[in-house]
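Listed below are the residues making up each chain.
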Amino acid sequence: MPEDKPLVRAAWEQALTGNQVEIETRVQRPNGELRWFRRVFYPYADGSGRVVRIDGLMEDTTNAKTMIQRLHTLATTDALTGLPNRTLLNDRLIQAIAAAQRDGQKQIVLMLMDLNHFKEINDTLGHSAGDEVLTLVAQRLRGTLRDTDTLARLGGDEFALVLPDIAHGRSTAERVARKVLQCFHAPFRVAHNELFLGTSIGIVIYPEHGTDIDTLMSRADVAMYSTKNKDPGFMFYAPVLDPNAQKHLQLSADLRHALARDELMLYYQPKIDLRTGGVVGAEALIRWRHPQLGILLPEMFIPLAERAGLIKPITDWVIHSTIKQCRQWHDAGHRLRVAVNVPGRAFQDPSLVGNVSSALLGLSAAPECLEIEITENVLMSDTGLVAKVLRDLTELGITIAIDDFGTGYSSLAYLKQLPLHTLKIYKSFIIDMHNDENDAVIVRSTIDLAHNLGRQVVAEGVETKEAWDLLWVLGCDGAQGFHISRPLPADEFTHWLKTSPWSTAPLQ
Ligand code: C2E
Ligand code: MG
Ligand code: MG
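Predicted model, so just to flag it, every value in this text is computed and none were measured. (Residues numbered from 1 in each chain as written. Chains lettered and ligands numbered in written order. Predicted model: local features only at pLDDT ≥ 70, side-chain atom pairs only at ≥ 80, totals over all residues. Heavy atoms only, no water.)

Chemist: Mind showing me how you'd approach the site of ligand 1 here?
Modeler: Taken together, the neighbourhood of ligand 1 is formed by 22 residues, with Glu283, Arg287, Asp403, Glu463 and Phe482 sitting nearest. Asn341 has a polar side-chain atom sitting 2.9 Å from an oxygen atom of ligand 1. At 2.8 Å, a backbone N or O of Phe482 approaches an oxygen atom of ligand 1. Contributing elements (two or more residues each) for the shell around ligand 1: strand E12 (279-290), helix H9 (298-307), strand E16 (399-405) and helix H16 (427-432). Tallying contributions element by element places E12 first for the shell around ligand 1, with four residues. Residue composition of the shell around ligand 1, grouped by class: ten nonpolar, four polar and eight charged. (Near = heavy atom within 4 Å. Polar contact = N/O pair within 3.5 Å; in protein donor to acceptor, adjacent residues only side chain to side chain. Helix = DSSP H or I, 4+ residues; strand = E, 2+ residues; numbered from the N terminus. Nonpolar A, V, L, I, M, F, W, Y, C, P; charged D, E, K, R; others polar.)

Below you can see the structure in the form of structure tokens.
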């Protein structure tokens, strides 16, 4: 091959200096076929050291080379899907870690995912249908990723994804995780069936969650198991999720005392009416003022509270404190509706409606001061019970919002039938809508969908003026996000209400 000529010339010149040289070059046959040859040059020198003869040896190594290549492929590829296997994934991770260490700035994202209910497909439709599903999943996932990302099948229904060389680990990971989840929105057609599948994604970031492969893999696994059957379908590793971590046990013990020791507190983030620019409400967001660890965000302890059976007393406390705070704001002339987040397990608790109504009565607060945010998963869980609780709450005068809309699988029928007041669009869609056409489409369609169903629609994660302007054009009703204000402790929120330009607009 002409490209190999300089290599041959250099080898020849080396041989002329008296050194034995070995090179591998390609030769093109008249029929176009490329073959590999190993060439060795053996120089012979006379008494004065001058090279007087060079013997050459040329050997066709094509077959051996193809064989090695094939063995390498077999050893590193998953036979069913053609994706890299665990060995190759480990190689790529090692390379990515080495590059990130040299660079000192870059991060690596590792995601582990497995399919929800895959075993049922294998059991009911047979293994060949299961294999077909895995192949289709691999194709869809591959289609959404960049060439530099490694998607691997680790075995069974488990896949892994490595994104090397990332600057903003968390936000990139969140965006990619959402893209992966979107791949599962359309059904998979297998053996004359239309199958709807889901996946659970556990995410770790190098170096934040670990600097070696074993730690990263096992922590991604912990995150993956923690996100099973929960919205939004992916989760970053956090020490509290780790059932083995000593710290986690300690935190769980601490959490049992947090309520009694008055360590939980609520921050409030305003919600603005996009038409009038006035403050219409707020969302109560829980924080834990841990005596040693400082202020902990909900993702650090709410999953723990769920596992430790503490979510009910915490939810009751959140509802009671919110109503009390709202009552104070009403008395001061701020007519706000404040939303609380009620997770699935607390929502299905039979005492919820009674607790809410007695808290309202006990604090002589109007029911209009309270909104309850639930996620789409709650709607899908036990629809009979959920529908009854929703109706009872609505009869009290409380409104219901669906939080993080777009990350779960609500059926249109439920959205129509159930007394839901507001859809809140998941923050990542809003944050990315300027860069990602798919997200812009999701935002636009959600706004239209909500309005067609006669519901209000609120965007969370409004971080910029551009996002605000676009939402205004799209006809979104409400907005919440850092562009307006970060979540604030109650007294700072009260101060904000008095001084912020947003709240000078007429109240609704
Ligand atoms: P969420 O209900 O969807 O709350 C919105 C989250 O987005 C909050 O995170 C808020 O601080 C954050 N956020 C608001 N504006 C922006 C923005 O412009 N950009 C970005 N990037 N983020 C923004 P936070 O407070 O960490 O809460 C996280 C989640 O924890 C909440 O998501 C909710 O699901 C849960 N949570 C919060 N408070 C409670 C609670 O009292 N009880 C329960 N069970 N869960 C809670
Ligand atoms: Mg919420
Ligand atoms: Mg939300």
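Chemist: Please clarify how the sheet that holds strand E2 (residues 34-45) should be interpreted in this entry.
Modeler: What holds strands together in a sheet is hydrogen bonding between their backbones, with the strands either parallel or antiparallel. Within the open sheet, the three strands sit side by side as E1-E2-E3. Their pairing is antiparallel. Edge strands, defined here as strands with exactly one partner in the open sheet, are strand E1 (21-28) and strand E3 (51-60). Strand-to-strand twist of the sheet, defined as the mean angle between neighbouring strand axes without regard to direction, takes the value 30°. Relative to E3, E2 is paired through nine bridges, and the arrangement is antiparallel. The residue bridging Phe37 from the neighbouring strand is Asp60, located in E3. Each of E1, E2 and E3 is contacted by helix H2 (residues 62-76), which is oriented at about 120° to E2, the strand it contacts most. (Pairing = 2+ DSSP bridges. Axes fitted to C-alpha atoms, helices over the stretch in contact; angles between N-to-C directions. Contact = heavy atoms within 4.5 Å.)

Chemist: Can you help me understand the pattern of salt bridges in this one?
Modeler: Working definition: two side chains of opposite charge can pair if their charged atoms are close together. For the coordinates displayed, the defined rule picks out 29 salt bridges. Across the salt bridge formed by Glu208 and Arg170, the nearest N and O atoms sit 3.1 Å from each other. On the criterion of sequence distance, the pair formed by Glu208 in the loop between strand E9 (198-206) and helix H7 (213-226) and Arg170 in helix H6 (residues 169-182) is long-range, its members being 38 residues apart. Note that Lys465 is salt-bridged to Asp469, the shortest N-O span being 3.0 Å. Remark: Asp469 and Lys465 occur in helix H18 (residues 465-474); sequence separation between them is four residues, near one turn of the helix. Note on Lys465: relative accessible area 47%, which makes it partly exposed. In this structure Asp469 comes out as partly exposed when scored by relative accessible area, which is 31%. Beyond isolated ion pairs, a larger network of salt bridges with shared partners links Lys271, Glu283, Glu371, Glu373, Lys424 and Glu460. (Salt bridge = Lys/Arg side-chain N within 4 Å of Asp/Glu carboxyl O. Buried < 20%, exposed > 50% of the residue type's maximum accessible area, 1.4 Å probe, protein only.)

Chemist: Help me out: how do you make sense of the packing of aromatic side chains in this one?
Modeler: Given two aromatic rings, one states the distance between the centres and the angle between the planes to describe the pair. According to the stated counting rule, one finds nine aromatic pairs in the structure shown. With 5.6 Å between their ring centres and 75° between their planes, Trp288 and Phe301 make a pair best called edge-to-face. Separated by 13 residues along the polypeptide, Trp288 in strand E12 and Phe301 in helix H9 bring together distant segments of the chain. As far as the burial class goes, Trp288 and Phe301 line up, both buried. Linked through ring pairs, Tyr268, Trp329, Phe493 and Trp496 together constitute an aromatic cluster. The lysine or arginine in question, Arg140, covers the ring of Phe188, its NZ or CZ lying 3.7 Å from the ring centre. Directly above the aromatic system of Trp472 lies the positively charged group of Arg275, at a separation of 5.3 Å from the ring centroid. (Phe/Tyr/Trp six-rings, centres within 6.5 Å; stacked < 30°, edge-to-face > 60°. Lys NZ or Arg CZ within 6 Å of the ring centre and 35° of its normal.)

Chemist: Looking at this structure, how should I read the coordination of the magnesium ion (ligand 3)?
Modeler: The textbook angles at a metal center are 109.5 degrees for a tetrahedron of four donors and 90 or 180 degrees for an octahedron of six. Distances from the magnesium ion (ligand 3) to its protein donors, Asp403 (OD), Asp404 (OD), Glu460 (OE) and Glu460 (OE), fall at 2.1 to 2.4 Å. Sequence spacing of the donor residues for the magnesium ion (ligand 3), all on one chain, is D-D-x55-E. The distance between the magnesium ion (ligand 3) and the magnesium ion (ligand 2) is 4.0 Å, with Asp403 acting as a donor to both metals. You can see Asp404 sitting in strand E16 and its partner Glu460 sitting in strand E18 (residues 456-460), a full 56 residues away along the chain. For the pair shown, Asp404 and Glu460 are each scored as buried. (Donors = N, O, S within 2.8 Å, 3.2 Å for Na, K, Ca; no water.)

Chemist: How should I be thinking about the coordination of the magnesium ion (ligand 2) in this particular structure?
Modeler: Protein coordination at the magnesium ion (ligand 2) comes from Glu283 (OE), Asn341 (OD1), Glu373 (OE) and Asp403 (OD), with a distance range of 2.0 to 2.2 Å. Of note, the magnesium ion (ligand 2) draws all its donor residues from one chain, in the sequence arrangement E-x57-N-x31-E-x29-D.

Chemist: Explanation requested: the environment of Asn435 in the structure shown.
Modeler: Positionally, Asn435 belongs in the loop between H16 and helix H17 (437-452). Judged by relative accessible area, Asn435 falls into the exposed class, the value being 67%. For Asn435 and Glu395, which are 40 residues apart along the polypeptide, the C-alpha to C-alpha distance reads 42 Å.

Chemist: What is the right way to look at the packing of helix H3 (residues 86-103) against H7 in this model?
Modeler: A packed helix pair is summarised by two numbers, namely the angle formed by the two axes and the spacing between the axes. Relative orientation of the contacting elements H3 and H7 amounts to 115°, with a least axis distance of 11 Å. As H3 packs across H7, the resulting crossing turns out to be right-handed. Taken together, the residues of H7 that come into contact with H3 (itself represented by Arg86, Leu89, Asn90, Leu93, Ile94 and Ile97) are Ile213, Leu216 and Met217. When grouped by side-chain class, the residues that make up the contact of H3 with H7 number seven nonpolar, one polar and one charged. (Left-handed = near helix turned anticlockwise from the far one by under 90°.)

Chemist: What exactly am I supposed to notice about the pairing of E12 here?
Modeler: Successive residues of a regular strand alternate their side chains across the two faces of the sheet. Of all twelve residues in E12, ten are buried, a share of seventy percent or more. Joining the antiparallel neighbours strand E11 (residues 264-273) and E12 is a turn of five residues, in which Gly277 adopts a positive phi near 75°. Alignment of E12 against strand E14 (residues 337-341), held across three bridges, turns out to be parallel. The partner of Gly281 across the bridge, within E14, is Arg337. As consecutive antiparallel partners, E12 and strand E13 (residues 294-296) are separated by three residues.

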